[in-house]
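Structural overview for review
Each chain, written out:
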Amino acid sequence: PKEYLDIQNNTNGITIPEIRKWDTAHGFVFHSWIRLDKDFEHFESAEEEINLQNYRRHLFSLTTNYGTGYEFFIQKNGNFVVSVITKKEFFTATAQSTHLLDGRWHSITVSVVPPKRLFSYHQINVYIDSVQKLGSTMKFPAFAEVFHYCAIGAPYNNVRKAAHTSHQSNTARMNTTPETSSPPAEREEKPKGGLFPNLMEKTFLPGIVSQVPSYFTLPARQSSTTSLDPSVKSYPIGMQDLVFGEAICLKGQLGCVLLAETNINLKSVFEAGPSIANVLATDMIESFDMASKFVFCFSPRACFDGLCLDLAPGNQYNGHVVASSSGIVSIQNAINGVGGMSALLPILDNISQIPSSDVHTSDELIPLTPLASPTRE
């Protein structure tokens, strides 16, 4: 990708306030382009510097007011994990892939297909660089609540804090309808613990978990609602941070991101590559036959002043972004930006006429006499 969002702290990322209007009864497909920074030992959050012995890089989350929903993240060793959070259990399906940490761009696609029959299994497929890395079945009850929170690239709670403080105007501009009141459990502030409990959670517990995996990371006992797939594991709710580490931002670069229905043609998405956002923004969308299948599509090129425009047909789910947008310019475009080769030829001609005896050493600058602008004869 030539344009990307640089996500380096927990206040960066994309949030979609209007996601609560979307009906997810038919499953979804999540597709993104990412480039992860190499392994690091220290991570600076908004409050303090944290020495992370175990962490998970947040890529995508879709949750309800009760905290149930989906979360996709990358482990410290590079494995990609699809997790489903219910009211009682925490299900995970892991795609073994270590090349996500090689410092190159990769595409990640996750397909969540609901069961066609009642009390059946959900089908979860993971594609990395257009190659299927995971295909598992997971049995969990369907979410009856509406999804209210959607975050990409960083945990939602941290992105929401930055959104309400530094970009209130953009938030009001995106929210065309009044926000629904949050439940009392969300409005209540958590009691602040003392220094010792905070020190235990952030320093000692991650080390204990990594050294004693047979106790803390042991999956829960198989229940009647648990899938029989060996790649699916179940943990008690609330053990996410102990087993997989604290949730942090992506710590890398984020390219094009899209969410679509399950009946989308994945082959067309893979063939479009990183430029799929450009395809949606043009008239070529008719040849794709995807106009009604896309939920939202974000491109770093369409992000400005905290607002990330939805490039999918309908433009119903504009996002809020805090991360800075950057781009890569080719050498040809850079030369054309200063006037092309015609502007460089007089300079090169003047350099070639300098005698070799007058050429200074490498630590000195070569003085060049100003030249008049070339005129057409």
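Residues numbered from 1 in each chain as written. Predicted model: local features only at pLDDT ≥ 70, side-chain atom pairs only at ≥ 80, totals over all residues. Heavy atoms only, no water.

Moving on, we get to the overall build of the chain. When helices and strands are tallied, the chain shows eleven helices and 21 strands. Expressed as a percentage of the 377 residues in the chain, the buried residues total 44%. Counting only contacts in the chain whose residues sit at least 6 apart along the sequence, the fraction spanning at least 24 positions is 67%. Of the accessible surface of the chain, which amounts to about 20800 Å², a share of 54% is contributed by carbon and sulfur atoms. (Helix = DSSP H or I, 4+ residues; strand = E, 2+ residues; numbered from the N terminus. Buried < 20%, exposed > 50% of the residue type's maximum accessible area, 1.4 Å probe, protein only. Contact = heavy atoms within 4.5 Å. Areas by Shrake-Rupley, 256 points an atom, 1.4 Å probe, with all protein chains shown as cover.)

What follows is about the pattern of salt bridges. For the structure on display, the rule yields six salt bridges. Note that Lys21 and Glu18 form a salt bridge whose closest N and O atoms lie 3.1 Å from each other. With a relative accessible area of 48%, Lys21 lands in the partly exposed category. Across the salt bridge formed by Arg35 and Asp37, the nearest N and O atoms sit 3.7 Å from each other. Residue class for Arg35 comes out partly exposed when judged on its relative accessible area of 27%. (Salt bridge = Lys/Arg side-chain N within 4 Å of Asp/Glu carboxyl O.)

If you look at the biggest cluster of nonpolar residues, it comprises 51 residues, and the most contacted ones within it are Phe28, Phe60, Phe72, Phe80, Ile152 and Phe296. Counting residues per element, this core draws most heavily on strand E3 (residues 28-36), at four residues. Residues within four places of Phe296 in sequence aside, it is in contact with Ile16, Ile19, Ile152, Val257, Leu258, Leu259, Asp310, Ala312 and Tyr317. (Core = buried A, V, L, I, M, F, W, Y, C linked by side-chain atoms within 4.5 Å.)

Glancing now at the state of the cysteines. If you walk through the whole model with that rule in mind, you get one disulfide. Through a disulfide, Cys303 is tied to Cys308; the S-S separation comes to 2.4 Å. The pair Cys303 / Cys308 is uniform in exposure class, with both members buried. Note on Cys256: no disulfide assigned, nearest cysteine sulfur contributed by Cys297 at a separation of 4.0 Å. Look at Cys256 and you get buried, because its relative accessible area is 4%. (Disulfide = S-S within 2.5 Å.)

This paragraph deals with the packing of aromatic side chains. In this description, a pair of aromatic rings is defined by centroid distance and the angle of the planes. If you walk through the whole model with that rule in mind, you get 20 aromatic pairs. Where Tyr70 meets Phe147, the ring centres are 6.1 Å apart and the plane angle is 35 degrees; that geometry is what we call tilted. Separated by 77 residues along the polypeptide, Tyr70 in strand E7 (residues 69-75) and Phe147 in the loop between strand E12 (131-138) and strand E13 (149-152) bring together distant segments of the chain. Comparing Tyr70 with Phe147 shows no difference in burial state: the two are buried. Ring geometry for Phe140 versus Phe143: centroids 5.9 Å apart, planes at 40 degrees, classification tilted. Each member of the pair, Phe140 together with Phe143, is buried. Through a chain of ring-to-ring contacts, three or more aromatic side chains come together here, namely Trp22, Phe28, Phe30, Phe60, Tyr70, Phe72, Phe80, Phe140, Phe143 and Phe147. For Lys87, the ring lying beneath its charged end belongs to Tyr66, and the centroid distance is 5.6 Å. For the cation-ring pair, Lys139 lies above Tyr121, with the distance from its terminal atom to the ring centre recorded as 5.6 Å. (Phe/Tyr/Trp six-rings, centres within 6.5 Å; stacked < 30°, edge-to-face > 60°. Lys NZ or Arg CZ within 6 Å of the ring centre and 35° of its normal.)

This part takes up a nonpolar patch on the surface. A cluster of nonpolar side chains, Met341, Leu345, Ile347, Leu348 and Ile351, forms an exposed patch at the surface whose accessible area comes to about 450 Å². With respect to the element layout, Ile351 can be found in helix H11 (residues 341-352). Among the residues examined, Ile351 registers a relative accessible area of 41% and is labelled partly exposed. (Patch = residues over 30% accessible without salt bridge, like charges linked within 9 Å, V, L, I, M, F, W, Y side chains within 5 Å.)

Looking now at the environment of Cys297. With respect to the element layout, Cys297 can be found in strand E17 (residues 294-298). Once the C-alpha coordinates of Cys297 and Ser32 are considered, the two residues, 265 residues apart in sequence, prove to be 9.7 Å apart. Non-local contacts of Cys297, meaning those with residues more than four positions away in its chain, are made with Cys256, Val257, Leu258, Ala277, Leu280, Leu309, Asp310, Leu311 and Ala312.

Right, let's get into the confidence of the model for the chain. Here the chain averages 77 in pLDDT, and 69% of its residues register 70 or above. The least confident element of the chain is helix H3 (residues 184-187), whose mean pLDDT is 42; the most confident is strand E10 (residues 106-113), at 96. Segment residues 221-225 is flagged for pLDDT under 50; beyond a separation of four residues in sequence, or across chains, it makes seven contacts in the model. (pLDDT = per-residue confidence, 0-100.)

Even without being glycine, Asp129 reaches a positive phi, approximately 55 degrees. As for its placement among the helices and strands, Asp129 is situated in the loop between strand E11 (122-128) and E12. Phi at Ser130 is positive, roughly 70 degrees, even though this residue is not glycine.

Right, let's get into the side chain of Lys293. Inspection of the secondary structure puts Lys293 in the loop between helix H9 (285-288) and E17. On the accessibility criterion, Lys293 (18% relative accessible area) is buried. Once you skip the residues sitting within four places of it in the chain, Lys293 turns out to touch Ala260, Glu261, Asn263 and Ile264.

Attention now goes to the environment of Leu254. Within the secondary structure, Leu254 is located in strand E16 (residues 252-260). Between the C-alpha atom of Leu254 and that of Gly153, which follows or precedes it by 101 residues, the distance is 7.5 Å. Look past the residues within four positions of Leu254 in its chain and what remains in contact with it is Tyr4, Leu5, Ile7, Ile14, Ser32, Trp33, Ile34, Trp105, Ile152 and Pro300.

Burial within strand E6 (residues 55-63) is extensive, with nine of its nine residues counted as buried. Note: E6 against strand E15 (residues 246-248), three bridges, orientation parallel. Looking across to E15, one finds that Arg56 is bridged to Ala247. Bridge analysis of E6 against E7 gives seven bridges, and the strand direction is antiparallel. Among the inter-strand pairings, Ser61 is bridged to a residue of E7, identified as Glu71. Between E6 and E7, which follow one another and run antiparallel, lie five residues, and Gly67 among them has a positive phi close to 85 degrees. In terms of strand pairing, E6 meets E13 through four bridges, oriented antiparallel. From the neighbouring strand, Ser61 faces E13, where its bridge partner is Ala151. (Pairing = 2+ DSSP bridges.)

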